[in-house]
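A closer look at the structure
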Amino acid sequence: MGAVEPPAPSYSAHLPARVVAEGQLSLAQLDVVVYAGQAHGERLPNGSRKGFFIGDGTGVGKRREISGVILDNLAQGRDKAVWVSFNRGLIEDARRDFAGVGGDPDLLFFQGDTKAGAALARERGILFTTYSTLRGGEKRQGTDQEGERPGQMRLQQLTDWLGPDFDGVIAFDEAHSIGNAIAVKGARGERKPSQQAVAGGNLQKASSRCAGALRLGDR
C-alpha cells in the first residue's frame, strides 16, 4: 500500500477550526478524514457508496481517525453513526478518543444495553456495538416441545433504528473480526462463512445508502 501514490485530495472536511488549530488530529489522521470523505462521496456501479479501508499500523491512532470521520459527518447534519468493534470494553476507548477530537462522548451508547426485542430509544447518537452482539438476537420461550425459538435479531434492531434514510457512517473497527465472509472449498470439504462476517456483510447491504463503510485493520 505504501508504494501506491494516493489520489489528489479534493474533499474539504467539515471539522471545527479548533480540531486543526489545536492539533486534536495529527496531519496523518486528517489525511484519513479527507480521503474517507472523498471516497464516501463516490458511488460504486451498483449504486452503493464507496467504502474506505484504513491500514495504518499500531500507534497512528485509528480510533481517533474514526472519531474524526464521524465528527465530519455529524457536522453535515448526519445525526446517527454506527461503530462496530471487538468487545464492549472498547466503548470507553471510543468515548475518550471521540472527546479528544472535540466530540461529545455522551453520544456513544451500547446496543447491548437494550434488550434485543425492544426498540432503541435514542433519537440520535453513535451506536456502539460488537461483532458478537451483531450476530445475536432475542430468544423466546416456546412450548416444551419447541424449546427456544428465535425472535428479533440484533441486526434488525439496528437497521430499524437507522431507518430507511440513514446516510451516516458505519465504522468497522478491528475489521479482521469479519473475515471468512464466503464459503471456501478445501481438501476436507466446504468451510462455511462465519456468522460474524455474514452479519457484517448484511449490515452493509441493509444500509447501502450510508455515507460509507469505514474498515480498519493493521497492515
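What counts and what doesn't
- Residues numbered from 1 in each chain as written.
- Predicted model: local features only at pLDDT ≥ 70, side-chain atom pairs only at ≥ 80, totals over all residues.
- Heavy atoms only, no water.
- Helix = DSSP H or I, 4+ residues; strand = E, 2+ residues; numbered from the N terminus.
- Buried < 20%, exposed > 50% of the residue type's maximum accessible area, 1.4 Å probe, protein only.
- Contact = heavy atoms within 4.5 Å.
- Areas by Shrake-Rupley, 256 points an atom, 1.4 Å probe, with all protein chains shown as cover.
- Expected span 1.5 Å × (residues − 1).
- Phe/Tyr/Trp six-rings, centres within 6.5 Å; stacked < 30°, edge-to-face > 60°.
- Pairing = 2+ DSSP bridges.
- Core = buried A, V, L, I, M, F, W, Y, C linked by side-chain atoms within 4.5 Å.

1. Section: the overall build of the protein chain
Helix and strand content of the protein chain: 7 helices and 10 strands. Looking at the protein chain as a whole, 42% of its 219 residues are labelled buried. Taking all contacts inside the protein chain whose residues are at least 6 apart in sequence as the whole, residues at least 24 apart take part in 66%. Surface summary for the protein chain: the accessible area is close to 11800 Å², and the carbon and sulfur share equals 50%.

2. Overview of the environment of M153
Within the fold, M153 resides in strand β6 (residues 148-153). Residue classification places M153 among the partly exposed positions, given a relative accessible area of 39%. Each C-alpha atom of the pair M153 and R135 lies 7.6 Å from the other, and the pair is 18 residues apart in sequence. With residues near it in sequence (within four places) discarded, M153 still touches R135, G136 and G137.

3. Considering helix α3 (residues 62-74)
The end-to-end C-alpha distance of α3, which contains 13 residues, comes to 18 Å, matching closely the 18 Å that a straight helix rising 1.5 Å per residue would cover. For α3, the buried fraction is high: 11 of the 13 residues fall into the buried class. Restricting attention to buried positions, one finds in α3 the residues K62, E65, I66, S67, G68, V69, I70, L71, D72, N73 and L74.

4. Focus on the packing of aromatic side chains
Using the criterion set out here, one finds 2 aromatic pairs in the structure. Taken together, a centroid distance of 6.2 Å and an interplanar angle of 45° make the contact between W83 and F128 tilted. In this pair, W83 is assigned in strand β2 (residues 80-85) and F128 in strand β4 (residues 125-130), connecting sequence segments 45 residues apart. The burial state of W83 is the same as that of F128; both residues are buried. Ring centres of F109 and W161 lie 5.5 Å apart, and the angle between their planes is 80°; this geometry places the pair in the edge-to-face category. Linking F109 in strand β3 (residues 108-110) with W161 in helix α6 (residues 154-162), this pair joins segments that are 52 residues apart in sequence. The same class applies to F109 and to W161, which are both buried.

5. Points about the pairing of β4
For β4, the buried fraction is high: 6 of the 6 residues fall into the buried class. With 3 bridges connecting them, β3 and β4 associate as parallel partners. By the bridge assignment for β4, F110 is matched with F128.

6. With respect to α6
It helps to recall that an α-helix has 3.6 residues per turn; residues three or four apart then point in one direction. Burial of α6 is extensive: 7 of the 9 residues sit out of reach of the surface. Three or more residues of α6 are buried, namely R154, L155, Q157, L158, T159, W161 and L162. Within two residues after α6, G163 carries a phi angle of roughly 80°, on the positive side.

7. A look at the nonpolar core
Counting 30 residues, the largest nonpolar core has I70, W83, F98, L108, I126 and F128 as the members making the most contacts within it. Put simply, the parts of the chain that give this core at least two residues each are α2 (27-40), β1 (52-54), α3, β2, α4 (90-100), β3, β4 and β7 (169-172). Sort the elements by how many residues they give to this core and α2 lands first, with 6 residues. What I70 contacts, discounting residues up to four positions off in sequence, is A81, W83, F98, I126 and V169. Among the nonpolar cores identified, the runner-up in size contains 15 residues, and L155, L162, I170 and L203 belong to it.

Take it as geometry only, folks, not as evidence of what the structure does.
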